[in-house]
Every structure is written in structure tokens, then in C-alpha cells.
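Structural overview
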Amino acid sequence: AAEEQLRELDKALGRTLRNSGNADVETLHEFVKQSLEALSVMPQSVDEIAAATEKWRTVTEQLMSTKDLKMRMEDKGRLLKLHTGQTLDGLQELNKDWDDLELRMTAHTKNVEEQKERIRALIAKGVKDYQEQLKKFASVWKGEKPDGAGLSNRQSAEEAMERLRDLEEQYEAVKMQGDRLVKDCAQFGIPEPRFSELEDLEEDVGKTVAAWKLYSEYATALAVLTGEKWLVFLERIWDMDDFLAGWAASLKGREVDAVVRFLHGEIERLKTNWPFLKLVKGDSFTGEHWAHFYALLELKPGMKLAELTLQVMLDKSDLVVKKIDKIKDLQAKAVAELTMKEALDEIDDWGIRAEFKCIEHQDASGRKIALIKEWKEVQTAVGDHQSVLQAMRDSPCFEKFRSATEDWDAKLSVLAMGLNDLNAVQRKWLYLEPIFGRGALPAQQDNFKRVNDHFRSIMSEVEADTHVIAFAKIKGVTKTLSDMLDQLDRCQKALSDFLEEKRSKFPRFYFIGDDDLLEILGQAQNPEVIQAHLKKLFQAIFAVVFSDDTKSIVAFRSLEGEMVDLLNAVPITETVEDWLALLADEMVLTLKRSLVECLPTLDLNAFPSMIVCAAEQITFCDQAEKALRDNSMAALQRDLARKLEEYTGHGQDTDPVVNLKLKAVILDIIHDLDVVDQMQKNNVKHRTDWYWHKQLRYYMEDQC
């Protein structure tokens, strides 16, 4: 068992030794492979030679440490062969590659030196070729560099700038090639070549690029603005003014060269043209107008509005200035057409939205009918739209809108005439219908009935479709309304003649309007109507008192509540003018009788205020003239003062009417005392003296 274990141990050691040796072989083989690849590249330039030398140095350093590994690997191989009789895998191939590597390492320095000699020859040839190339580029530069001679506009400047960029790129490539040759010469120990033409070019290119850098800055700053759509840029148009002012200021004091001269001219040109460009609004343009505008500026047909940028307008600014009058005319035409279109659109919109506002009305017979209210708004709108259409006819753009304008003109003419007549018909119908509805004026009933039927027919159509424009579609409406107005005028004239006849019989009817008079005539026996209108006919009557059966008037009263009983009741009959005349006569007779009865007593409780005051003044006039005859004016004055004291000594009565009478009498007595005092001061002795003669005097001449 121990021997078996020793054999197994020996086998394990052999495997371990073999694996370790194979691993070393693999490592060495990988090193040799990489080193051979690094040394196999033949350098063609100084950089490649330097890189190859660096690689050789690295391989050399690694080779020293790798040889130790190789010796250990060989020891492991010999030990493995001694104990197991086996050899390491790939050992023969490794030895062959290792020998090759050592040969390469030995030959590397020699190869590099040989290569350097070849490269020196190539560099010398490259310098000679480069000098020829430099001469050619110098000729190209002098012939093609932008010198400002051909600058006339932005496009020529951009082309010059593009040429300069190309030449600058070529110059940089040529310069880089020269720098590389100088560096190669220095690395290979070749005397540094001198390229005098390159130095001259460098100075000239530097000056030219520096000069054109100013234009590049200008173009870059301008591009920030010019990429904007023209219609959008118009909203901040002041940015261009600021840009031009800023660049004009920045050019001051600069050395004048071709670029500065061109920028001065370009900025001045834009300053001159910019006010004209500001006038190009285009906000009212349609596709047709834009096409015309593009043609004026010689732009491509069908150009999209998004392509019309500030840059395009600046490029065409000279043409804008030249054709500004035509552009103004185009804009004026566009504005006029837009205005007309908007006006027609507004009228169309009104035609869709406008509706009559109707209310329900009940006529004298109780039948319902729709009536129009708020006429003013509709009629004003129709008139305004007619004025707009008339103004459109005077426009040079009218032909484009002739069809729509004439269509609306016809409709609005019907509306204007028809609504005016319908308004008049409705007002007259409202005025006359209650009268004729009660059967008044039988001779005109047929005429009014025809008008009533036509009016109801029209209003039923209006109610069915309340749109204002629908009214214009009613067949023959203007002729029908004109005939209706004529018939209503006849009815109204007949009514006016009737009312005039009534007024001639009772002139107090002139105090009231036709409506009130018609109501009185139509309801002559209605107490409420009588009460409402009598105070308009009689100044002193606020109300009347009816008999219990309301068939007659038995008294009248004032606003303050004073009541006067009529001597004879006034019967109320259908003939209103007759019983009103009788009421007036009876009122006069009653007041006359009351005055006669009041004179002896002056009873405040028994008689109305106006009678008491009149009686008081009659009494004073009689007493004053008697005092003049008897020369007893002082005694009259004492009597009046005593009477005043008596009246003023009364306390407040519970009856407000009595208090009112008392105040009136007191005021009259105070006035009488003043008259007496003035008569005494003026030494009045006779009733014909002026101071007494000029007073308002009251006499009772008829004692009936």
C-alpha cells in the first residue's frame, strides 16, 4: 500500500511538473510571438523609426527577465524527462522562434540605420517637391484670394468668404506639410530648410483672414436675425434698427480696407432701404396677393410663406425700393379686399344670428298674436349694413365681391323697407285694434279686418321663423305692408275725424290725448275710467262720488278731501260729451249757490275752501270801499286785526280739511291788513284812487 501511494505521488508530481513546464512554454511562446510582430514592421518615417526603437528597447528589457523564465522552463523539462521520460509540449517550436527573435534583435540596429539613410533621401526629395508645391500654391493664392474688387452684394461677399475658407484650408495643409518636413529634418540631422515663400504667405494669409473675420462676425450676427420668417420678424422690427446702428458705430475708427469699405456700403444701403422694407406688411395678403408680390420681387413662383425670411427681403431690398409704389398699391388692394371680405363675413354672421325678439299680445277679442319688440337694434343693424355695402360699391375691388354684395343689397333693401313699414303697421295696429275690436266706426270695419288678417298672417310667419333674414323671404311682403299702411292711414283718419267731432262738442277733450279720449268714449259708463280721466278735464275735480247704482254723479271732491255735493245729480249716459258738459254746468251752478249761501256766515265747516276764500275777499272788498266812503279805514284795520286774532287763536282741528281752510283764510286776512296799511300810507280816499284800483277786487254782482 505504501508503494502504491508512492507511485501515485510520483505520478502527481510528474503531472504537476509537466503542467508547470507547459505553462512556462506557453508564456514564453506568447512573448516571442508579440516581440517578433513588433520587430517585423519596417519604419518608413522618423515617427515610425522612433516607435520601432522604443519597441526594440521594450523587448530588450523584457528579454532579460524572460531568459530567467526560459532557464527554469528548461530545468523543468530536463527533470520531467529524467523522471517520466516525457518532454514538454511545443518546446522545439519555441526554441526555433527564440533563436529567430535573438537574430532579429541583433539585426534591428543595422536595419534602422539603413532605413534612416533611405528616409533622409526621401526627406531631401520631399523638401524639393514641397518648394515647388509652395510656389504653385502661392500663385493660386495671389490669383484667387478675395481682394474686394468684385464685392457688390451679400452673395458676392459670401462667395468670396467661401473661397477664402477653401484657400485657408489649403494653406493650413501646405503649412502643416512644411512644418512636418522641418521636424523630420531636425530628427534625422538634416539642415533645417528655409521656406521664405511660406513666411510671405503666412503674413498675407493672416492679414486677409483677419480682414475677412470682421465680415464673418457681421454675417454671423446678421444670420441670427435673417433666419427669422419675415412676418414674424415684423413684430420686433426694431431689432434691425439696433443691429445697423450698432455695426455702423463699430466700423468707426477702423482701418479702411476692402472688407470695411464693403461693410460701410452694405450698412448704408440697408439703412436706406430698411424704411421701405418696414412698409411691406403683408398681413392682409391672400395667396393671390402673395403670388403677385413674389412676381414683383422676382422670387420663385409658388414659394412657401415659411421660406420668405428676413434674409430674402434684405436681398431684394433694392427691388423693394424700386417697386415700392406697386407694393403699396398691392397692399392697399389687399387691405381693401380683406376689409370687404370681413364686412361681408360680418353681415353673413349677422344674417345667421340676428333674430326678432317677440312678445305675446292679446287683442280686444282675447286672441293671441306675436308682436316684435326692440325694433331699434334690428333696424340700426340693417341701416349700418346697407351703408357698408354702399361704401363697398365705391371701392375699386368691388367687382370681386359684386355677386355677394348685390345679393345682400337686395335682401337688406327688402328688410329696410319692410321693417320700417312693419314697425309702423304694428304701432298703428296696436293703437286701432282695441277701438275697431269694440266695433267702433262701422264704416271702416271691413278695411281694418283686411289689415288685421294680413298682419296676423305676417306675424305668424315671423313667429314660425324668428330669424330677421327670413322676413325678407316672405313673398310680396313690401307691397302687402305698403297697402296695409295705406288702409290703416284711412282708418286712422276716419278715427281722427271722429275724435275731432267729439272735441268740437266738448272742448275740454282737447286737454287729453287720443288714447285717453278713446278710452273715455269707449267706456263712458265705467266708474274707474271716469275717475281716471276727470281730473285731466277739470282742474278742481280730483274725484267724483257716484250714486249707489253708479248711474249718476252726486258729488265731487278735491285732492285734499273737500267734498262738494251737487245740487242735482248728473246722470251718466252713453253720450259722454253730453253728460260731461252737464257735469261742468252743474259744478258751476253748485259752487255759485254755495258762494251765495256762504257770504252771510263764512262757516268754515259748511263750505269748501275756495268758496270760503272767495266769500272772505268779497266781504273785504265791500268793507274797504265802505270805509273809504265813511273815512273809517282805521276802524276797518282794527276789525281785521281782531278777526285775525280770532282765527289765529283757534287750536289745531282734528279735521285736516278745516285746518287747511283756516290757513287759507288767515293768509287772506294778513294780505287784507297789508292792503289797508298801504292805503293809509298812500292816503287813499276814493275807490277810484290808483292804489286801491290796482288791487285784485272781488264783487258779488248776481245774487241768483
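Before reading further, recall that the structure is shown in the block above.
In this report, we go over the structure that sits alongside the text. For every chain, the first residue of the written sequence is number 1, and numbering continues from 1 onward in sequence order. Reporting in this predicted model follows two pLDDT cut-offs: at least 70 for local features of residues, and 80 or more for side-chain atom pairs to be given and counted; totals over whole chains, interfaces and linings ignore these cut-offs and use all residues. Neither water nor hydrogens contribute to the side-chain values; these are computed over all heavy atoms in the structure.

A few points about the overall build of the protein
In plain terms, the rule: A run of DSSP states H or I qualifies as a helix once it reaches four residues; a run of E qualifies as a strand once it reaches two. Both are numbered from the N-terminal end. The globule rule used for comparison is 2.2 Å times the number of residues to the exponent 0.38, while the radius of gyration itself is calculated over C-alpha atoms. The rule is simple: take the accessible area with a 1.4 Å probe, protein chains only, and divide by the maximum for that residue type; under 20% is buried, over 50% is exposed, in between is partly exposed. The contact criterion used throughout is that any non-hydrogen atoms of two residues lie within 4.5 Å. Only the protein chains shown count as cover for residues, with accessible areas throughout obtained via the Shrake-Rupley method and a probe of 1.4 Å. Just so you know, the count uses Lys and Arg for positive and Asp and Glu for negative, and it drops His and the chain ends. To locate a charge, take atom NZ for lysine, CZ for arginine, CG for aspartate or CD for glutamate.
When its secondary structure is counted, the protein shows 24 helices and five strands. Here the C-alpha atoms of the protein give a radius of gyration of 64 Å, more than 25% beyond the 27 Å that 2.2 N^0.38 yields for 704 residues. For the C-alpha atoms alone, the extent of the protein along its principal axes is close to 190 × 100 × 75 Å. Here the protein holds 704 residues, and the buried ones make up 40% of them. For the protein, the proportion of contacts with a sequence separation of at least 24, taken over those separated by at least 6, is 67%. When the accessible surface of the protein is totalled, it reaches about 40000 Å², and 52% of it is carbon and sulfur. Taken as two groups, the 95 positive and 125 negative side-chain charges of the protein have centres that lie 4 Å from each other.

Describing the pairing of strand β5 (residues 563-571)
Where we set the bar: Pairing between strands is defined by DSSP: at least two bridges between the two strands are required.
Bridge count for strand β4 (residues 552-557) against β5 is five bridges, and the pairing is antiparallel. Looking across to β5, one finds that Ile 553 is bridged to Val 570. Linking two consecutive strands that pair antiparallel, namely β4 and β5, is a turn of five residues; a positive phi of about 105° is found at Gly 561 within it.

A closer look at a negative patch on the surface
So the rule is basically this: The patches reported here contain residues having more than 30% relative accessible area and no salt bridge. Joining distances are 9 Å for like charges and 5 Å for nonpolar side chains (Val, Leu, Ile, Met, Phe, Trp, Tyr). Any Lys or Arg side-chain nitrogen located within 4 Å of an Asp or Glu carboxyl oxygen qualifies as a salt bridge.
A cluster of acidic side chains, namely Glu 172, Asp 200, Glu 202 and Glu 203, defines a negative patch on the protein surface. When residues of the negative patch are assigned to their parent elements, the largest contribution, three residues, is made by helix α5 (residues 196-226). Position of Asp 200 among the secondary structure elements: in helix α5. Overall, the relative accessible area of 52% leaves Asp 200 in the exposed class.

Quick look at the pairing of β4
Sheet topology note: the strand β3 (residues 543-546)/β4 ladder contains four bridges and is antiparallel. By the bridge assignment, Phe 546 is partnered in β4 with Ile 553. In sequence, β3 turns back onto β4 through a hairpin of five residues, with Thr 550 there showing a positive phi of about 55°.

So, helix α14 (residues 402-437)
Let me state the cut-off plainly: In this analysis, the expected span of each helix is defined as 1.5 Å times one less than the number of residues it contains. What is called the bend at a residue is the angle between a pair of axes, fitted to the seven residues leading up to and ending at it and to the seven starting from it.
In a regular helix each residue adds 1.5 Å, so 36 residues correspond to 52 Å; α14 covers 49 Å between its end C-alpha atoms and thus fits that length. Of all the bends in α14, the largest measures some 35° and sits at Tyr 431, one to four residues before the proline Pro 434. In the segment just after α14, Gly 439 is the residue with positive phi, at about 95°.

Considerations on the layout of surface pockets
Leftover empty space is mapped by rolling, across the atoms, a probe with the size of a water molecule. We apply this condition: A pocket, in this scheme, is an open set of points on a 1 Å grid over the protein atoms alone with protein on both sides within 12 Å along at least 5 of 7 lines, while a cavity is a set where a 1.4 Å probe fits but cannot get out; residues line either one if an atom lies within 4 Å of a point. Grid points are joined across faces, edges and corners, and a volume is the space filled by probe spheres set on the points. Three residue categories are used. Nonpolar comprises Ala, Val, Leu, Ile, Met, Phe, Trp, Tyr, Cys and Pro, charged comprises Asp, Glu, Lys and Arg, and polar comprises the others, including Gly.
Roughly 320 Å³ of internal volume is contained in the largest pocket. Looking at the largest pocket, it is lined by 14 residues, and the ones nearest its centre are Lys 207, Thr 208, Ala 211, Asp 257 and Ala 258. Taken together, the residues of the lining of the largest pocket sort by class into six nonpolar, one polar and seven charged.

Here's the deal with empty space enclosed by the protein
Counted according to the given criterion, the structure contains three cavities of 30 Å³ or more. Lining the largest cavity, in full, are Gln 617, Phe 620, Cys 621, His 671, Asp 672, Val 675, Trp 692, Gln 695, Leu 696, Arg 697 and Tyr 698. Elements supplying a minimum of two residues to the lining of the largest cavity: α21 (609-630) and α23 (656-681). Among the residues forming the lining of the largest cavity, the class breakdown is six nonpolar, three polar and two charged. Computed from the structure, the second largest cavity encloses a volume of approximately 60 Å³. Lining the second largest cavity we find eleven residues, and of these Ile 520, Ile 530, Leu 534, Trp 579 and Leu 580 sit closest to its centre. If you list the elements that add at least two residues to the lining of the second largest cavity, you get α19 (527-537) and α20 (576-598). With five residues, the top contributor of residues to the lining of the second largest cavity is α19. Of the residues in the lining of the second largest cavity, the class split is nine nonpolar, two polar and no charged.

Looking at unusual backbone geometry
Positive phi outside glycine occurs at Glu 298, with the angle close to 60°. For Glu 298, the location among the structural elements is in the loop between α9 (287-296) and α10 (310-315). Residue Glu 298 is classed as exposed on the basis of its relative accessible area, which comes to 55%. We note that Asn 631 has phi near 55°; this positive angle belongs to a residue other than glycine. Checked against the element boundaries, Asn 631 lands in the loop between α21 and α22 (633-648).

Notes on the pattern of salt bridges
In this structure the tally under the stated criterion is 31 salt bridges. With a closest N to O distance of 2.6 Å, Asp 349 and Arg 353 form a salt bridge. Of this pair, Asp 349 and Arg 353 both sit in helix α12 (residues 324-353), four residues apart, which is roughly one turn of that helix. Overall, the relative accessible area of 53% leaves Arg 353 in the exposed class.

Points about the side chain of Gln 331
With respect to the element layout, Gln 331 can be found in helix α12. A residue is classified by how much of its surface remains accessible, and Gln 331, at 13% relative accessible area, is buried. Excluding residues within four positions of it along the chain, Gln 331 makes contact with Leu 279, Val 280, Lys 281, Gly 282 and Phe 285.

Some remarks on the sheet that holds β3
Our working definition: To get an axis, a line is fitted to the C-alpha atoms, and for a helix only the part in contact is used. The angle between two axes follows their N-to-C directions and goes from 0 to 180 degrees.
Strand order in this open sheet of three strands is β3-β4-β5, and the pairing throughout is antiparallel. Strands at the two margins of the open sheet, each flanked by one partner only, are β3 and β5. Averaged over neighbouring strand pairs, the angle between their axes works out to 30° when direction is ignored. Packing against the sheet, α20 makes contact with β4 and β5, and its axis sits at approximately 140° to β5.

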